[in-house]
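For reference, the chains in residue letters:
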Amino acid sequence: MAQAAQAAGSSFYAGMRILPKPQREAMYAVYAFCRAVDDVADDGGTREQRFAGLARWREGIDALYAGRPTPDTAPLAEPVRRYGLDRADFIAVIDGMAMDAAEDIRAPDEATLDLYCDRVASAVGRLSVRIFGVSEANGHGLAHHLGRALQKTNILRDIDEDAAMGRLYLPREKLDAAGIVTADPVAVAAHPALPAVCAPIVQEARAHFAEAQAIMAREPRRATRAPRLMGAVYGAILEATAKRGFAAPRAVVRKPKLKLLISLVRHGLF
């Protein structure tokens, strides 16, 4: 399956693989959608072309919910029907990608960064928790906290990769507090005060992971196997990133294979 092959390179793949087939295929379809719109935002040509590409995806989602799926959105039709996925969450993901397409994000304020995290991560979480079978009472909170934990982990891990693309997702307020006045991504990545910027973000991500774990403890284990595993994998990435530190030069942080294997055993893949 092409969608499964796309997902295979993702840090979320292990979490998707342990799901029953209908849920697994639904998650592959959601992941393929996210990957497609992300590719438009990052590699879709000029800014005008990227906006046009994202607009086509919005039109495709609208057509899907009107009962006229396009070839691009047809794989989402069954997941939408079976799990009651909300149109607004697909649109939120596209809106998040549009934030990247509009300009290279550089030192957004905290409110803008939180909106970005909600759109590109927690909105995906809101789609996912419906597929996992998490209750309405706990699903929104789980998506909120786990999505932000994962996105903040990505931001901390990918500082150098983002800088090479001209992007800087570290918030302006934290840069100011550390005495970093520039918003140039390469200059910030090399700045000696960068560890002071990143330390509180590490703590924020840990707090979101803890909140997510507390919410998952209130749900049946069968509904939280996948998010528990995703949280375990990304929690290990966060801790590996924090242990490496943020002073330049920084080694690339890779997925901790031993901890992933332990998590797979704990969360029921083997």
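So, how was this worked out
- Residues numbered from 1 in each chain as written.
- Predicted model: local features only at pLDDT ≥ 70, side-chain atom pairs only at ≥ 80, totals over all residues.
- Heavy atoms only, no water.
- Helix = DSSP H or I, 4+ residues; strand = E, 2+ residues; numbered from the N terminus.
- Buried < 20%, exposed > 50% of the residue type's maximum accessible area, 1.4 Å probe, protein only.
- Contact = heavy atoms within 4.5 Å.
- Areas by Shrake-Rupley, 256 points an atom, 1.4 Å probe, with all protein chains shown as cover.
- Bend = angle between axes of the 7 residues up to and from the residue.
- Axes fitted to C-alpha atoms, helices over the stretch in contact; angles between N-to-C directions.
- Parallel < 35°, antiparallel > 145°, perpendicular 65-115°, else oblique.
- Left-handed = near helix turned anticlockwise from the far one by under 90°.
- Nonpolar A, V, L, I, M, F, W, Y, C, P; charged D, E, K, R; others polar.
- Polar contact = N/O pair within 3.5 Å; in protein donor to acceptor, adjacent residues only side chain to side chain.
- Phe/Tyr/Trp six-rings, centres within 6.5 Å; stacked < 30°, edge-to-face > 60°.
- Core = buried A, V, L, I, M, F, W, Y, C linked by side-chain atoms within 4.5 Å.
- Domains from an automatic or database assignment.

Asks: Account for the overall build of the protein, with residues named and values stated.
Replies: Scanning the protein for helices and strands turns up 14 helices and zero strands. Mapped from its N terminus to its C terminus, the protein presents α and β elements in the order α-α-α-α-α-α-α-α-α-α-α-α-α-α. Among the 270 residues that make up the protein, the fraction classed as buried is 51%. Residue pairs at least 24 apart in sequence account for 70% of intrachain contacts in the protein once pairs closer than 6 positions are excluded. As displayed, the protein has an accessible area near 12,300 Å², and 55% of this comes from carbon and sulfur atoms.

Asks: Tell me what's going on with helix H7 (residues 110-132), and back it up with residues and numbers.
Replies: A bend of about 40 degrees at aspartate 118 is the largest found in H7. Residue glycine 133 follows H7 closely and has a positive phi angle near 95 degrees.

Asks: Tell me about the environment of alanine 149, residues and numbers included.
Replies: With respect to the helices and strands, the residue alanine 149 is situated in helix H8 (residues 136-157). On the basis of relative accessibility, which here comes to 0%, the residue alanine 149 falls in the buried class. Put simply, alanine 149 and alanine 121 are 28 residues apart on the chain and 9.1 Å apart in space, counted from C-alpha to C-alpha. In contact with alanine 149, not counting residues within four places along its chain, are Ala205, His208 and Phe209.

Asks: Now, about the packing of helix H12 (residues 194-216) against helix H13 (residues 221-244): what can you tell me, with residues and values included?
Replies: Close contact between H12 and H13 brings their axes to 11 Å; oriented N to C, the two are set at 160 degrees. Viewed along their axes, H12 and H13 adopt a mutual orientation that is roughly antiparallel. The interaxial crossing formed by H12 with H13 has left-handed handedness. Side by side, H12 and H13 meet where Val202, Ala205, Arg206, Phe209 and Met216 of the first sit next to Thr224, Pro227, Arg228, Gly231, Tyr234, Gly235, Leu238, Glu239 and Ala242 of the second. Split into classes, the residues belonging to the contact of H12 with H13 amount to eight nonpolar, three polar and three charged.

Asks: Hey, could you go over the side chain of aspartate 118 for me, with residue numbers and the actual values?
Replies: With respect to the helices and strands, aspartate 118 occurs in helix H7. A distance of 3.1 Å separates polar atoms of two side chains, one belonging to aspartate 118 and the other to arginine 126.

Asks: Account for the packing of aromatic side chains, naming residues and giving values.
Replies: One pass over the full model with this rule turns up four aromatic pairs. Between phenylalanine 33 and phenylalanine 90, the ring centres sit 5.1 Å apart and the planes meet at 85 degrees, which makes this aromatic pair edge-to-face. Of the two residues, phenylalanine 33 sits in helix H3 (residues 21-43) while phenylalanine 90 sits in helix H6 (residues 87-102), which places them 57 residues apart along the sequence. Looking at phenylalanine 33, the relative accessible area reads 2%, which means it is buried. Clustering of aromatic rings is evident, with ring pairs tying together Phe33, Trp57, Tyr65 and Phe90.

Asks: Mind laying out the nonpolar core, listing which residues take part and the relevant values?
Replies: Ranked by internal contacts, the top residues of the largest apolar core, which has 76 residues, are Phe33 and Leu170. Taken domain by domain, this core gets at least three of its residues from each of domain 1 (21-103) and domain 2 (106-269). The residues contacting phenylalanine 33, other than those within four sequence positions of it, are Trp57, Ile61, Leu76, Phe90, Val93 and Ile94. Of all hydrophobic cores here, the second largest spans five residues; its members include Leu229, Val233, Ile237 and Val253.

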